[in-house]
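# Summary of the model geometry
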Amino acid sequence: IAGITQAPTSQILAAGRRMTLRCTQDMRHNAMYWYRQDLGLGLRLIHYSNTAGTTGKGEVPDGYSVSRANTDDFPLTLASAVPSQTSVYFCASSDGNRGSPLHFGNGTRLTVT
Amino acid sequence: QKEVEQDPGPLSVPEGAIVSLNCTYSNSAFQYFMWYRQYSRKGPELLMYTYSSGNKEDGRFTAQVDKSSKYISLFIRDSQPSDSATYLCAMRGPGANSKLTFGKGITLSVRP
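A brief look at the structure comes next. (Residues numbered from 1 in each chain as written. Chains lettered and ligands numbered in written order. Predicted model: local features only at pLDDT ≥ 70, side-chain atom pairs only at ≥ 80, totals over all residues. Heavy atoms only, no water.)

This paragraph deals with unusual backbone geometry. Cis geometry is found at the peptide bond from Ala-7 of chain A to Pro-8 of chain A, where omega equals -5 degrees. On the secondary structure map, Pro-8 of chain A appears in the loop between β1 (4-7) and β2 (10-13). The residue after Gly-9 of chain B, namely Pro-10 of chain B, is reached through a cis peptide bond having omega 0 degrees. Among the structural elements, Pro-10 of chain B can be located in the loop between β1 (4-6) and β2 (11-14). The backbone of Asp-78 of chain B sits at a positive phi, close to 45 degrees, despite the residue not being glycine. Position of Asp-78 of chain B relative to the elements: it lies in the loop between β8 (71-76) and β9 (85-92). Given a relative accessible area of 42%, Asp-78 of chain B falls into the partly exposed group. (Helix = DSSP H or I, 4+ residues; strand = E, 2+ residues; numbered from the N terminus. Buried < 20%, exposed > 50% of the residue type's maximum accessible area, 1.4 Å probe, protein only.)

Pasting the structure below:
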């Protein structure tokens, strides 16, 4: 089934540890995105990539980094996790055409203790 | 003023009711309007997609856009318990790289 796969599904992480959230899509979409979703704050864009080899900062990029080595993969790295990064993280993609909607994965629930 | 405002809810209705969900926005450049449905512990899924003003119907769901009032709505007819979910409005401008702006979402519960 075509779509976005995120891993892990959930994770408990000690503060200060490094963590990479994985995201893979098989739709050959050009654009990919990382959001975090927090109660009362909604979805907030962390980083995005309009095409392989390029990345950009979203609304809340601090403490996170991304890379886009190829079309299909868009990992999100927390270099040194802090409790405020406890959240649900969603990866999304779009074909990059004007007005195209986003397609989301099912998220990674991250708890930083 | 936030770019997109959505009624915070939560909203609880009896089965069979007509549900109206609404968002207002401030950016007149928005041209593409979407509604996403998100079930518990799942990612948002695209429910309705509309370009510019007008209505779009898909089964029990109708999306309505009024650009002059900067107001969009989602109507659910004959609501079912399976419609219980969080609904997020989203919109974006005309550029290919314009970012999607989301409302915060409203949680709907349909009581059997």
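All names here are of chain B. Under the definition given, this model contains twelve aromatic pairs over all chains. An angle of 45 degrees between the planes, with centres 5.4 Å apart, marks the rings of Tyr-25 and Phe-33 as tilted. Of the two residues, Tyr-25 and Phe-33, both sit in the buried class. Seen in terms of ring centroids, Tyr-32 and Tyr-51 are 5.0 Å apart; in terms of plane orientation they differ by 40 degrees. Their pairing is tilted. Of the two residues, Tyr-32 is situated in strand β4 (residues 32-38) and Tyr-51 in strand β5 (residues 45-51); the sequence distance between them amounts to 19 residues. (Phe/Tyr/Trp six-rings, centres within 6.5 Å; stacked < 30°, edge-to-face > 60°.)

Residue and element names in this part refer to chain B. Reading across the sheet, the five strands line up as β1-β3-β8-β7-β6 and stay open at both edges, with antiparallel pairing between neighbours. Strand pairing shows two members of the sheet lacking a second neighbour, β1 and β6 (54-58), which therefore form its edges. Along the sheet, successive strands turn relative to each other by an average axial angle of 15 degrees, direction set aside. Sheet topology note: the β1/strand β3 (residues 19-25) ladder contains three bridges and is antiparallel. Bridge pairing links Val-4 to Tyr-25 in β3. (Pairing = 2+ DSSP bridges. Axes fitted to C-alpha atoms, helices over the stretch in contact; angles between N-to-C directions.)

A few words on the layout of surface pockets. When its volume is computed, the largest pocket comes out at roughly 620 Å³. As for the largest pocket, its lining consists of 24 residues, and the residues nearest its centre are Gln-37 and Leu-39 of chain A together with Gln-38, Arg-41 and Thr-86 of chain B. Grouping the amino acids of the lining of the largest pocket by side-chain chemistry returns seven nonpolar, twelve polar and five charged. Computed from the structure, the second largest pocket encloses a volume of approximately 420 Å³. Surrounding the second largest pocket, 16 residues form its lining, Leu-43, Arg-44 and Glu-59 of chain A together with Thr-101 and Phe-102 of chain B being those nearest its centre. Ranked by residue count, the leading element in the lining of the second largest pocket is strand β5 (residues 42-49) of chain A, at four residues. Residue classes in the lining of the second largest pocket are distributed as seven nonpolar, three polar and six charged. (1 Å grid on protein atoms, 1.4 Å probe; cavity = no way out; pocket = protein on both sides within 12 Å on 5 of 7 lines; lining within 4 Å. Points joined across faces, edges and corners; volume = space filled by probe spheres on them. Nonpolar A, V, L, I, M, F, W, Y, C, P; charged D, E, K, R; others polar.)

Read these as layout, nothing more, since geometry by itself doesn't imply function.
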